Amino acid sequence: MPGIRYDQRVLVLVEVRGGERDWDEAERVFDQQGWPVVTEFARGEGASRGVLSEAGPARLYSVEVRFFGARNRRTERAATWRVEWLARAAGLEMYARRCELVDRDREQLTGWRAHTVAHRPPRAPVPRPRKSMEGLCNEAVLARARLSERRGYHDTGMVVTGTASEALRLSRMNLPGGSAPRAVIDVRPLYGRERRHIVPRRDEDSRAGHDVSRRPDPAEADPLGELAFWQPVHRLSAVTLV
């Protein structure tokens, strides 16, 4: 399959009528366009049993149509137009019977940087009461160590993504071909804090395009808007006349 660039994917149920030669030609042009065939079956059989009647020699192809374009209300129709154009170009009797946008959601995982912990002050094995000066000195050393971690002075060059526990286990994982696993390693968030909840891309896109996609309704327009616009001009004219 040729490496064709795309940014939209639509799953189209294409009906190809004719005989074996037409079906072979349809499969060839699908592959030429870079559209993978998910599944195929005769009309009235498989998933179309009880949905479409058996009418003459015809086969149904579940094809993933890939193309460049904007994602809007006409994306599915654009896939239909491409199937129709391909049918005319190849001289085949093809029909797009169903179009469904392939929308794969993704999670926004937190990024973490791995760093060493040898610079941290040792912890006391047995808790014991400390004097005020000793406690202040220990807190100062610990604060200085945390500040150096945030500035990246002890980073190992490894970046992992996931939750806090997943990131720690990933940084200590024995990966073939990678560095030797170390237990004395910790992680810190890339951007200062961990995401407390996972935000799917689909929700972000819907919120980002909500204000843009909504067009004002003419019925909601203020009938006095035009008068309000001209009101300062009328006042200016009155002042000029006086």
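Preceding this section is the structure that the text describes.
Reading the values: rules and limits
- Residues numbered from 1 in each chain as written.
- Predicted model: local features only at pLDDT ≥ 70, side-chain atom pairs only at ≥ 80, totals over all residues.
- Heavy atoms only, no water.
- Helix = DSSP H or I, 4+ residues; strand = E, 2+ residues; numbered from the N terminus.
- Contact = heavy atoms within 4.5 Å.
- Salt bridge = Lys/Arg side-chain N within 4 Å of Asp/Glu carboxyl O.
- Buried < 20%, exposed > 50% of the residue type's maximum accessible area, 1.4 Å probe, protein only.
- Polar contact = N/O pair within 3.5 Å; in protein donor to acceptor, adjacent residues only side chain to side chain.
- Phe/Tyr/Trp six-rings, centres within 6.5 Å; stacked < 30°, edge-to-face > 60°.
- Pairing = 2+ DSSP bridges.
- Axes fitted to C-alpha atoms, helices over the stretch in contact; angles between N-to-C directions.

(A) Structural view of the overall build of the chain. Broken down by element type, the chain carries seven helices and seven strands. In the chain, the order of α-helices and β-strands from amino to carboxyl end is β-α-β-β-α-β-β-α-β-α-β-α-α-α. Long-range contacts, defined here as pairs at least 24 residues apart, represent 75% of the contacts in the chain between residues at least 6 apart.

(B) Molecular detail of the pattern of salt bridges. Evaluation of the coordinates by the stated rule reveals ten salt bridges. Across the pair E15 and R43 runs a salt bridge whose closest N-O atoms are separated by 2.7 Å. Taken as a pair, E15 in strand 1 (residues 8-17) and R43 in the loop between strand 2 (37-42) and strand 3 (58-67) lie far apart in primary sequence, 28 residues in all. Given a relative accessible area of 12%, R43 falls into the buried group. Note that E15 is salt-bridged to R97, the shortest N-O span being 2.3 Å. Remark: R97 occurs in strand 4 (residues 93-101) and E15 occurs in strand 1; sequence separation between them is 82 residues.

(C) A look at the side chain of Q8. Within the secondary structure, Q8 is located in strand 1. Relative accessible area serves as the criterion here: at 5%, Q8 is assigned to the buried category. In terms of polar contacts, Q8 uses its side chain to reach the backbone carbonyl oxygen of G69, at 3.1 Å. At 3.2 Å, the side chain of Q8 and the side chain of R71 are in polar contact. Setting aside its immediate chain neighbours within four residues, Q8 contacts V65, R66, F67, G69, A70, R71, T75 and L101.

(D) Spatial organisation of the packing of aromatic side chains. Scanning the entire structure with this criterion turns up two aromatic pairs. Note on F30 and Y61: the rings are 5.8 Å apart at their centroids and 70° apart in plane angle, and the pair reads as edge-to-face. One end of the pair, F30, is in helix 1 (residues 20-33); the other, Y61, is in strand 3, and 31 residues separate them in sequence. The exposure classification of F30 matches that of Y61, with both residues buried. Grouped by ring-pair contacts, the aromatic residues F30, W35 and Y61 constitute a single cluster.

(E) View of the pairing of strand 7 (residues 185-189). With four of five residues buried, strand 7 is to be regarded as a mostly interior element. Bridging between strand 5 (residues 111-116) and strand 7 involves five bridges; their strand directions are antiparallel. Across the sheet, R113 pairs through a bridge with R188, a residue of strand 7.

(F) Seen up close, the sheet that holds strand 6 (residues 155-161). An order of 6-5-7 is seen for the three strands of this open sheet, with the pairing classed as antiparallel. What marks the edges here is a single partner per strand, and that holds for strand 6 and strand 7. On average, adjacent strands in this sheet sit at an angle of 35° to one another, irrespective of strand direction. Of the strands in this sheet, strand 5, strand 6 and strand 7 are in contact with helix 4 (residues 164-171), which crosses strand 7 at around 135°.

Limitation: the analysis is restricted to geometry and does not speak to function.
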